[in-house]
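# Structural description and commentary
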Amino acid sequence: MEFVLAILQVHGRYVMQHRDDNLNIPAPGMWGLFGGKIEPGETPDNALIREIQEELCLILKDYKFLFQINHYNDFWKQTVSYFVYHADITHFWGTHQLCEGQAVDYFAYEQLTHLPIPSVIQNILDQYQNTDYIS
């Protein structure tokens, strides 16, 4: 299984999705990154664009692939691959519409420690925060 995850930022803060409280989805009720499963025959780039459009009603045009990680996912009971991207959506903020999840907000990195976040997402955010990916 392969997934895309988007580190979206507004004014340098991290855009997070408060996931639905549905026990039939991974990490219900937690805060996470926007993204989702890569469909058969779909490239990670195309999956990223599709997922952000489905979840926030935004069309990403300016984004950057950062890295790929493999992580055991308790929900899927297998190791999955995550393709991690970054995009600054400051100029889009306010035109978005939340179409998936119960809330969306953006947070300073220091505020993330107060949110319930899956460990893989926290690890991805830590890696991004502590590495110079964007030049």
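Figured I'd write up the structure that's included with this text. (Residues numbered from 1 in each chain as written. Predicted model: local features only at pLDDT ≥ 70, side-chain atom pairs only at ≥ 80, totals over all residues. Heavy atoms only, no water.)

Below, the discussion takes up the overall build of the protein. Counting secondary structure elements, the protein contains two helices and seven strands. Counting from the amino terminus, the protein carries its helices and strands in the arrangement β-β-β-β-α-β-β-β-α. Against the globule reference of 14 Å for 135 residues, the protein gives a C-alpha radius of gyration of 14 Å, in line with a compact fold. With respect to the principal axes defined by its C-alpha atoms, the protein has extents near 35 × 35 × 30 Å. Burial status across the protein gives 44% buried among its 135 residues. In the structure as shown, the protein presents an accessible area of about 7200 Å², 48% of it carried by carbon and sulfur atoms. One way to put it: in the protein the 7 positive side-chain charges average out to a point 2 Å from where the 17 negative ones average out. (Helix = DSSP H or I, 4+ residues; strand = E, 2+ residues; numbered from the N terminus. Rg over C-alpha atoms; globule rule 2.2 N^0.38 Å. Buried < 20%, exposed > 50% of the residue type's maximum accessible area, 1.4 Å probe, protein only. Areas by Shrake-Rupley, 256 points an atom, 1.4 Å probe, with all protein chains shown as cover. Lys, Arg positive; Asp, Glu negative; His and termini not counted. Charge placed at Lys NZ, Arg CZ, Asp CG, Glu CD.)

Let us look at the pattern of salt bridges. Scanning all chains against the criterion turns up three salt bridges. The salt bridge partner of Glu-42 is Arg-50, with a shortest N-O separation of 2.7 Å. Between Arg-50 and Glu-54 there is a salt bridge, with the nearest N and O atoms lying 3.3 Å from each other. Residue Arg-50 and its partner Glu-54 are both found in helix H1 (residues 44–56); the two are separated by four residues, about one turn of the helix. When its relative accessible area of 40% is taken as the criterion, Glu-54 is described as partly exposed. Each of the salt bridges in this network shares a partner with another, and the network as a whole consists of Glu-42, Arg-50, Glu-51 and Glu-54. (Salt bridge = Lys/Arg side-chain N within 4 Å of Asp/Glu carboxyl O.)

The next point concerns the side chain of Gln-9. On the secondary structure map, Gln-9 appears in strand E1 (residues 2–10). Residue class for Gln-9 comes out buried when judged on its relative accessible area of 9%. In terms of polar contacts, Gln-9 uses its side chain to reach the backbone carbonyl oxygen of Gly-12, at 3.1 Å. Not counting residues up to four positions away in its chain, the partners in contact with Gln-9 are Tyr-14, Val-15, His-86, Ala-87, Asp-88, Ile-89, Thr-90 and Tyr-128. (Polar contact = N/O pair within 3.5 Å; in protein donor to acceptor, adjacent residues only side chain to side chain. Contact = heavy atoms within 4.5 Å.)

Counted by the stated rule, this structure contains 10 aromatic pairs. Consider the rings of Tyr-14 and Tyr-109, whose centres lie 6.2 Å apart with planes at 55 degrees: the pair is tilted. Taken as a pair, Tyr-14 in strand E2 (residues 13–18) and Tyr-109 in the loop between strand E7 (103–107) and helix H2 (119–129) lie far apart in primary sequence, 95 residues in all. Ring pairing ties together the aromatic residues Phe-3, Phe-75, Trp-76 and Tyr-82, which thus form one cluster. (Phe/Tyr/Trp six-rings, centres within 6.5 Å; stacked < 30°, edge-to-face > 60°.)

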